[in-house]
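Single-letter residue listing:
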Amino acid sequence: MKITRVSATPLNLPVEVKSPSRTQTTSLSVCLVTIETDTGLIGTGMTAITEEEVIGSIVNDIAAHHLIGMDPMRHELIWERLYWLLTPRGQSGYASHAIAAIDLALWDIKGKALEQPCWRLLGGARSEVPVYATFGFAFFDRGELAAAASAWVERGFSRLKMTVGHHALARRDEPRPMDRVIAEDVQRIRAVREAVGPDVQIYIDANCSLDYFHALSLAKKVEPYDISFFEEPVSQNDIPNLARLRTKTSIPLAAGQNEGLASRFRDMLVAQAVDVVQPNACISGGFTQCGRIAGMAAAFNTRFANGGAWPHHNMHLHAGLANGSLVEYHSVAVQCCELVFDDLPKPEHGVLRLPETPGLGFNPNPERLAELAKRPGSRGAGKA
């Protein structure tokens, strides 16, 4: 079997975030990669929350030409070739996104060729994975946030994640004093805890939007609310600051969803900077590299979970590997996937059951994809 065509489709997808009283519209960037073979098998991968136009150009104008004629089953060979093509001097960023999308498409082909779902090929550790629902966004006021949390619990979710920090560093010159952002976050977390009671797990995510001082301030103030982990608390996932923060708070720290190099995870683990490593299959080099990162986490006896959304791809990784665990069911990202793909599984009672369909178990809808591809690009605004 040989690769005959590789193509990328950049998408800027419209989504709605609803509260009990209003609806907010936004968009997320996604780039699909399709790999065709001389046997007729086709695989589809994706990456997201990046500049979709840039990823499309990397795949279509650079990577595709180097993959034609290669055996799609040899994912290690192809991953290595892409690494040295796109990141020869340690670059990460866009290259990691492109490699991830290509790698996922290769695994989709591999599953279809071997008539096995990807999670079984990755190890088949379990047939279902627990999920946490990311629901709590910045535009909700306290009352809306509490109501939304209660609604997700009524839907059967016992694990909820909300954003904090709200781009505080990026917006500090508005002026928007960071101590006020933190003070409001404390009240928002309190409102959610009071709404859902003591038995629901609450996770918080600053999306790298705080400095060490304000991340520590927030962590200390919300410790009484029993936070299950604090994700990406500091800017740049700064490893010395993560390690320092970890010694100052009882809240577990998590990071890694946007990291592109396995060595970054190694450095986090060696520095004992995090309690949870979070590579994302759609960003951190696909299943091939995420499997390596999971192995490092296992060697360090450190938890490995999914951050950064895109549950229908990451569920295969966490079902396949013995140390797999939580998968993020990000409500906005799920909307994006439902626009593009057919046959996506839905969680029941906070659990996603893995499909037995070969490959990833779902495919893009050609008619909807053609229409969505006509939309203008995000021009940097698709990272929400």
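Here, the structure is the one placed above.
The structure reproduced in this document is the subject of the present report.

### Re the overall build of the protein
- The number of helices and strands found in the protein is 13 helices and 14 strands.
- Computed over the C-alpha atoms, the radius of gyration of the protein is 20 Å, within 12% of the 21 Å expected from 2.2 N^0.38 for a compact globule of 384 residues.
- If you line up the protein on its principal axes, its C-alpha atoms span 60 × 45 × 40 Å.
- Out of the 384 residues belonging to the protein, those deemed buried represent 56%.

### A look at the pattern of salt bridges
- Per the stated rule, a full pass over the model turns up 20 salt bridges.
- Here lysine 220 and glutamate 223 are joined by a salt bridge, their closest N and O atoms 3.9 Å apart.
- By relative accessible area, lysine 220 is classed as partly exposed at 43%.
- Accessibility expressed as a relative area gives 24% for glutamate 223, which makes it partly exposed.
- Two residues, arginine 246 and aspartate 275, come together in a salt bridge whose shortest N-O distance is 2.8 Å. Of the two residues, arginine 246 is situated in helix H8 (residues 239–246) and aspartate 275 in the loop between helix H9 (262–270) and strand S9 (276–277); the sequence distance between them amounts to 29 residues.
- The exposure class assigned to arginine 246 is partly exposed, which follows from its relative accessible area of 29%.
- Since its relative accessible area comes to 24%, aspartate 275 is described here as partly exposed.
- It is possible to trace a salt-bridge network through shared partners that takes in Lys161, Asp205, Glu231 and Glu328.

### Details of unusual backbone geometry
- Glutamate 174 connects to proline 175 through a cis peptide bond whose omega is -5°.
- Along the chain, the position of proline 175 falls in the loop between strand S5 (159–163) and helix H6 (178–196).
- Even without being glycine, tryptophan 310 reaches a positive phi, approximately 60°.
- Structurally, tryptophan 310 can be placed in the loop between strand S10 (303–304) and helix H11 (311–320).
- The class of tryptophan 310 is buried, set by a relative accessible area of 0%.

### Considering the packing of aromatic side chains
- Enumeration according to the criterion identifies 11 aromatic pairs in this entry.
- On the numbers, 4.7 Å between centres and 45° between planes, the contact of phenylalanine 139 with phenylalanine 140 is tilted.
- Note on phenylalanine 139: relative accessible area 18%, which makes it buried.
- Exposure remark for phenylalanine 140: the relative accessible area of 3% places this residue in the buried category.
- Both rings, one in phenylalanine 341 and one in phenylalanine 362, keep their centres 5.1 Å apart while their planes meet at 75°; by these two values the pair is edge-to-face. Here phenylalanine 362 lies in the loop between strand S13 (351–353) and strand S14 (363–364) and phenylalanine 341 lies in strand S12 (residues 341–342), a separation of 21 residues in the sequence.
- Phenylalanine 362 sits in the buried class, given a relative accessible area of 2%.
- Between the NZ or CZ atom of arginine 292 and the centre of the ring of tryptophan 79, over which it lies, the distance is 4.6 Å.

### Some words on the pairing of strand S4 (residues 128–136)
- The buried fraction of S4 amounts to 7 of the 9 residues, a majority that puts the element mostly inside the structure.
- Pairing of S4 with S13 involves 3 bridges; the strand directions are antiparallel. When the sheet's bridge partners are listed, valine 129 is paired in S13 with leucine 352.
- Bridge analysis of S4 against strand S11 (residues 327–330) gives 4 bridges, and the strand direction is parallel. Note on S11: the bridge partner recorded for alanine 133 is tyrosine 329.
- As judged from the 3 bridges shared by S4 and S5, these two strands associate in the parallel manner. Each bridged residue has a counterpart across the sheet, and for glycine 136 the counterpart in S5 is methionine 162.
- For the crossover that starts at S4, traverses helix H5 (residues 142–154) and ends in the parallel S5, the hand is right-handed.

Reading the values: rules and limits
- The numbering scheme is per chain: residues are counted from 1 as the chain's sequence reads.
- pLDDT decides what is reported in this predicted model: residues at 70 or higher carry local features, side-chain atom pairs at 80 or more are listed and counted, and totals for whole chains, interfaces and linings draw on all residues regardless.
- Here the side-chain values reflect all heavy atoms present in the structure, with hydrogen atoms and water set aside.
- Secondary structure counts use DSSP, requiring at least four H or I residues in a row for a helix and at least two E residues in a row for a strand, with both numbered from the N terminus.
- We compute the radius of gyration from the C-alpha atoms alone; for a globule the expected value is 2.2 Å times N to the 0.38, where N is the number of residues.
- When a residue's accessible area, from a 1.4 Å probe over protein chains only, is under 20% of the maximum for its type it is buried; when over 50% it is exposed; and in between it is partly exposed.
- Salt-bridge detection follows one rule: a side-chain nitrogen of Lys or Arg within 4 Å of a carboxyl oxygen of Asp or Glu.
- A pair of aromatic rings is counted whenever rings of Phe, Tyr or Trp (Trp by its six-membered ring) have centres within 6.5 Å, and the orientation is called stacked for planes under 30 degrees apart, edge-to-face for over 60 and tilted otherwise.
- Look at NZ for Lys and CZ for Arg. If either is within 6 Å of the ring centre and within 35 degrees of the ring normal, a charge sits over the ring.
- Pairing between two strands is assigned when DSSP locates at least 2 bridges connecting them.
- Crossover handedness is defined by viewing with both strands directed away from the observer: a clockwise path from the first strand over the helix to the second marks the crossover as right-handed.

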